[in-house]
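Topology and contacts: notes
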Number of protein chains: 2
Amino acid sequence: MRRPAKRVTSADVARAAGVSAATVSYVLNDTPGQSIPEETRRRVLEAVKQLDYRPRGSARALAAGRSDVVLLSIPHLSIGPGINRFVEQFATSLAHAGLTLVTHLAGAPGRPLPDVCAAIDASVVASLDPLDDDTAQALRRAGADLVFTTEVEAHPTMRRMGRLQAEHLIALGHRRLGYAMPDHPLLRKIADDRLLGVADACAHAGIDPPLALDTKLDTTALARAARRWRRESVTAVCAYNDEVAIALLTGMRHAKLAAPDDLAVIGADDIPLAQVTDPPLSTIAFDLEKVGRSLAEAVVASLSGRKPRLTPASLSPRVIHRAST
Amino acid sequence: MRRPAKRVTSADVARAAGVSAATVSYVLNDTPGQSIPEETRRRVLEAVKQLDYRPRGSARALAAGRSDVVLLSIPHLSIGPGINRFVEQFATSLAHAGLTLVTHLAGAPGRPLPDVCAAIDASVVASLDPLDDDTAQALRRAGADLVFTTEVEAHPTMRRMGRLQAEHLIALGHRRLGYAMPDHPLLRKIADDRLLGVADACAHAGIDPPLALDTKLDTTALARAARRWRRESVTAVCAYNDEVAIALLTGMRHAKLAAPDDLAVIGADDIPLAQVTDPPLSTIAFDLEKVGRSLAEAVVASLSGRKPRLTPASLSPRVIHRAST
DNA sequence: GTGAAAGCGCTAACAT
DNA sequence: ATGTTAGCGCTTTCAC
């Protein structure tokens, strides 16, 4: 383990600018209650650029008692291609607030979240899925604030998406709906939310609750499910997401069933492939960037001591109508 | 900005165990050249567990001159669902070596990589795509070692995958191949590698080089491409990846072309949906976990001063033969 | 075998 | 308006 080469420190900058290290700190942090003349500030900034100085997070965190690092815990299942858009927006919004985002894939047999949090000395841990109590407590003891998407609009939005799926189908005249559940256990919670929304819409329309069937990503199994729905006079099915919907479309073709005439199908999440199925897949899109922005707000709020206000604003889920319904 | 509650420190552990902070450090780090009697070690570890003590990364990094944090930079494009498996394995292998992994989505308008690196004081930055010189230099000045997947087997493997696609098709009797390029510019580099592999196989078999066509995820465009290939007597096409292949299959259906008889199609990456297309998609799978393991080895090697040895071992790409060919 | 003490690079009181 | 100083929590030499 060789020691790494010497790095530029704030003392170097101070020397180059002909000021003290404290002044460098004041300038770089816009420390409130300090009046730095323009000229001094300029010289410091100049030296910073000249030397390509970057404050060391560890030293900053140690001295200040808190870092500007936010750790995002992502569940280790494939949440779909949209996740990137969310993370990107989250990172960008945090950056505006002077915060740095890094992410960690949860559930892996690697390091437990609290260890990672302690290792990078994160001030805030944001999580897409709720943490168990032990973890949450350990995190808090490690000095981190906790923020969850469930605290913003994600949770009700999932339900709203199911509702939109069903309402779309019902508006088209369908009176008996099916629901295609995903097989991955980790998807279960979201699926239950979405299914609830479908049930809401059915109840509201005064029709039977949806006939939910477990599915696998397997053509034969899906063909069987399709036949089963038909037998039970289901004329349209809401799929948990586009992936399940696409698989169902293929299963139907195997069962010699056509969409939307024999069975209408609607997906959710609007993945790129939904546009190139046969027939093109109707689906529900929603504003992932908005989740990122709201979550960042919650983080900033939590850091400034306020309880994050629960933005009741919606993620604008909306129906994308294509030929499959 | 309230100061966070007081956290457990190594001094607390020391007090609880009736030893000095130095001893705690020795025990926790298995410091070489220190012989701690079993009894003392036990007492320290006991106290650690009792207090749920976790060393603060920032203090450790500051004192030791290097952290145990590895930062992985992931390109901000959708690399496909396989990426999670890779990251997970990477994190796990690093954890075995006592290292902590966090990831950062590159290319976002958030923080530049060197800033993130400095903020968390990473010892190593691993990247899936090559970094530009300025970034690389800044990173090194920030005290980080650099490791790339291109240094392990990923690069030649991409080429090998193209080769396997083509060889499979050629073995089936095809003498004129097409190649479906992805439209996202960031995918270009990988696509070029894969296409090179296809060309290799063609040359080796003594047939014409592949007819590469740019594609979009659009049924009409893909239908047009399919007709074009047919006109040019292409009988089989290698798609950049499964997503493109799936879209092509739909385009073909629109053009009243059947796979594999009118045009055989083979994908790459073996995403879950490849099993549920109609017809099921032949594709190339490869061992993503192995990439994770090798990259972790490279990281450890780099940290111990050795130049990472380039594992020539292959990622075991292999053909998954299904009905689309 | 263990502890005391110096410092890592920075921030935040306190001086000036 | 800026410098001086005292730590933040840990590691690491050096004494004992």
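Residues numbered from 1 in each chain as written. Chains lettered and ligands numbered in written order. Predicted model: local features only at pLDDT ≥ 70, side-chain atom pairs only at ≥ 80, totals over all residues. Heavy atoms only, no water.

1. Points about the state of the cysteines
- Evaluation of the coordinates by the stated rule reveals zero disulfides over all chains.
- A:Cys202 takes part in no disulfide bond, and the closest cysteine sulfur, belonging to A:Cys238, lies 7.3 Å away.
- Free of any disulfide, B:Cys117 has its nearest neighbouring cysteine sulfur in A:Cys117, separated by 19 Å.
- For B:Cys117, a relative accessible area of 1% puts it in the buried group. (Disulfide = S-S within 2.5 Å. Buried < 20%, exposed > 50% of the residue type's maximum accessible area, 1.4 Å probe, protein only.)

2. Describing the protein's contact with DNA strand C
- In the vicinity of DNA strand C there are 27 residues, among which A:Ser10, A:Tyr26, A:Tyr53, A:Arg60 and B:Ser35 approach most closely.
- Among the atoms of DNA strand C close to the protein, meaning within 4 Å, 72% are from sugar or phosphate groups.
- One of the backbone nitrogen or oxygen atoms of A:Ala59 is found 3.3 Å away from a base nitrogen of DNA strand C.
- B:Tyr26 is positioned with one of its side-chain polar atoms (N or O) 3.0 Å from a base oxygen of DNA strand C.
- Looking at the surface near DNA strand C, the element that brings in the most residues is helix H4 (residues 57-64) of chain A, giving five residues.
- In terms of residue class, the surface near DNA strand C is built from 15 nonpolar, ten polar and two charged. (Near = heavy atom within 4 Å. Polar contact = N/O pair within 3.5 Å; in protein donor to acceptor, adjacent residues only side chain to side chain. Helix = DSSP H or I, 4+ residues; strand = E, 2+ residues; numbered from the N terminus. Nonpolar A, V, L, I, M, F, W, Y, C, P; charged D, E, K, R; others polar.)

3. Things to note about the packing of aromatic side chains
All names here are of chain A.
- Inspection of the entire model under this criterion finds two aromatic pairs over all chains.
- A ring pair is formed by Phe86 and Phe90, whose centres lie 5.8 Å apart and whose planes are at 10°; its orientation type is stacked. One end of the pair, Phe86, and the other, Phe90, are both in helix H5 (residues 82-96), four residues apart, so they sit about a helical turn from each other. Neither Phe86 nor Phe90 differs from the other in exposure class; each is buried. (Phe/Tyr/Trp six-rings, centres within 6.5 Å; stacked < 30°, edge-to-face > 60°.)

4. Topic: the interface of chain A and chain B
- Each side of the interface is counted separately: chain A has 73 residues, and chain B has 73 residues.
- Interface area, chain A with chain B, both sides summed: about 6200 Å², of which 54% is carbon and sulfur.
- Viewed at the interface, chain B and chain A are joined by ten salt bridges.
- When the shortest N-O distance is used, the salt bridge between B:Asp121 and A:Arg7 registers 3.6 Å.
- The tally of links from chain A across to chain B stands at 19 residue pairs in polar contact (both at pLDDT 80 or more).
- If you list the elements that add at least two residues to the side of chain A that touches chain B, you get H4, strand S1 (69-74), H5, strand S2 (100-105), helix H6 (113-120), helix H7 (133-141), helix H11 (242-254) and helix H12 (288-303) of chain A.
- No other element matches the seven residues that H4(A) contributes to the side of chain A that touches chain B.
- Classifying every residue of the side of chain A that touches chain B by side-chain character gives 35 nonpolar, 20 polar and 18 charged. (Contact = heavy atoms within 4.5 Å. Buried area = accessible area lost by both parts, 1.4 Å probe. Salt bridge = Lys/Arg side-chain N within 4 Å of Asp/Glu carboxyl O.)

5. A short note on the protein's contact with DNA strand D
- Taken together, 25 residues sit near DNA strand D, with A:Ser20, A:Ser35, A:Pro37, B:Ser10 and B:Arg60 positioned nearest.
- Across the atoms of DNA strand D situated within 4 Å of the protein, the share located in sugar and phosphate is 66%.
- One of the backbone N or O atoms of B:Ser10 is found 2.3 Å from a phosphate oxygen in DNA strand D.
- Between DNA strand D and B:Ser25, the relevant distance is 2.9 Å, taken from a phosphate oxygen to a side-chain nitrogen or oxygen of the residue.
- Broken down by class, the residue content of the surface near DNA strand D amounts to 13 nonpolar, ten polar and two charged.

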